[in-house]
Amino acid sequence: MDSKKLNELLERYWACESSLEEEQQLHEYFRTNSVPEHLKETAALFHYFDENKKKSLGDAAFDEKILEKVKTPKQGKVVRLVYNSMKIAAGLAVVVAATWFIRTEIRTTTPQAMVDTYDDPKLAFEETKKALLIISKSFGRAETETKKIDLLNKATEEVKQKETNEL
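Please read these numbers as outputs of a predicted model, since none were measured by experiment. (Residues numbered from 1 in each chain as written. Predicted model: local features only at pLDDT ≥ 70, side-chain atom pairs only at ≥ 80, totals over all residues. Heavy atoms only, no water.)

## Notes on the overall build of the protein chain
Part 1 of the argument: Counting its secondary structure elements, the protein chain contains six helices and zero strands.
Part 2 of the argument: Each helix and strand of the protein chain, ordered N terminal to C terminal, gives the series α-α-α-α-α-α.
Part 3 of the argument: On C-alpha atoms alone, the protein chain measures out to a radius of gyration of 44 Å, which is more than a quarter above the 15 Å that the 2.2 N^0.38 rule sets for 167 residues.
Part 4 of the argument: The dimensions of the protein chain, computed from C-alpha atoms along their principal axes, are 105 × 85 × 25 Å.
Part 5 of the argument: Relative to its full complement of 167 residues, the protein chain shows a buried share of 10%.
Part 6 of the argument: By sequence separation, contacts in the protein chain at least 24 residues apart represent 24% of the contacts at least 6 residues apart.
Part 7 of the argument: Counting every atom, the protein chain has about 15400 Å² of accessible surface; 61% of that belongs to carbon and sulfur.
Part 8 of the argument: One way to put it: in the protein chain the 27 positive side-chain charges average out to a point 10 Å from where the 29 negative ones average out. (Helix = DSSP H or I, 4+ residues; strand = E, 2+ residues; numbered from the N terminus. Rg over C-alpha atoms; globule rule 2.2 N^0.38 Å. Buried < 20%, exposed > 50% of the residue type's maximum accessible area, 1.4 Å probe, protein only. Contact = heavy atoms within 4.5 Å. Areas by Shrake-Rupley, 256 points an atom, 1.4 Å probe, with all protein chains shown as cover. Lys, Arg positive; Asp, Glu negative; His and termini not counted. Charge placed at Lys NZ, Arg CZ, Asp CG, Glu CD.)

## Focus on the nonpolar core
Part 1 of the argument: Core analysis: the biggest nonpolar cluster contains eleven residues, these being Leu6, Leu9, Leu10, Tyr13, Leu26, Tyr29, Phe30, Val35, Leu39, Ala43 and Phe46.
Part 2 of the argument: Counting residues per element, the ones that place at least two in this core are helix H1 (3-14), helix H2 (20-32) and helix H3 (40-54).
Part 3 of the argument: Looking at this core element by element, the count peaks at four residues for H1.
Part 4 of the argument: Dropping the residues within four chain positions of it, Leu39 is found in contact with Leu6, Leu10 and Phe30. (Core = buried A, V, L, I, M, F, W, Y, C linked by side-chain atoms within 4.5 Å.)

## Description of the confidence of the model for the protein chain
Part 1 of the argument: Chain-level pLDDT for the protein chain is 85 on average; 94% of the residues reach the 70-or-more range.
Part 2 of the argument: Per-element confidence in the protein chain is highest for helix H5 (residues 77-109), whose mean pLDDT is 92, and lowest for helix H4 (residues 60-70), whose mean pLDDT is 79. (pLDDT = per-residue confidence, 0-100.)

## Some remarks on the packing of aromatic side chains
Part 1 of the argument: Tallying each qualifying case throughout the model produces seven aromatic pairs.
Part 2 of the argument: When the centroid spacing of 5.2 Å and the interplanar angle of 70 degrees are considered together, the rings of Tyr13 and Trp14 count as edge-to-face.
Part 3 of the argument: Each ring, one from Tyr29 and one from Phe30, has its centre 5.3 Å from the other, and the planes form 75 degrees; the classification is edge-to-face.
Part 4 of the argument: A network of ring pairs unites the aromatic residues Tyr13, Trp14, Tyr29, Phe30, Phe46, Tyr48 and Phe49 as a single cluster. (Phe/Tyr/Trp six-rings, centres within 6.5 Å; stacked < 30°, edge-to-face > 60°.)

## Considerations on the packing of H1 against H2
Part 1 of the argument: Here H1 crosses H2 at 125 degrees, and the two axes come no closer than 10 Å. Our classification of the angle between H1 and H2 gives oblique. Along this stretch, H1 crosses H2, giving a crossing that reads as left-handed. Residues Lys5, Leu6, Leu9, Leu10, Arg12 and Tyr13 of H1 pack against Glu22, Glu23, Gln25, Leu26, Tyr29 and Phe30 of H2. (Axes fitted to C-alpha atoms, helices over the stretch in contact; angles between N-to-C directions. Parallel < 35°, antiparallel > 145°, perpendicular 65-115°, else oblique. Left-handed = near helix turned anticlockwise from the far one by under 90°.)

Here it is in structure tokens:
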């Protein structure tokens, strides 16, 4: 096989576009011919494929070895009862620990309940009136400032209307 065709087949092989016949040609080439230096790694890959194709897992001794290692020894009823009890106890321990952690987290993140700061209702009423009076004064100042802004907006609109009328 010439090097041009070989390179073309390898490109198609690496792009996963080669047919089974083309792959068989590559296997034959790397199996029989002396391989150029730049294709030694590729030849090793194809030799690996050929060697592993010959191996099979149909050996009965192999199956027996694997099944012997996989088999679990038969346990008595008492041992199974202990294992199952331990599984249940571990599950309960996880649930209890999670509940405790969540409960402590909720306690630390939630704010404390409001406590009355005044024992005398009349004094509390007077303090509330003072606070509301301060808020009312602030709203009054804010209202006068917004009236100034409204006046500025109206003036801007009038200027815009005059400009559009002139055009």
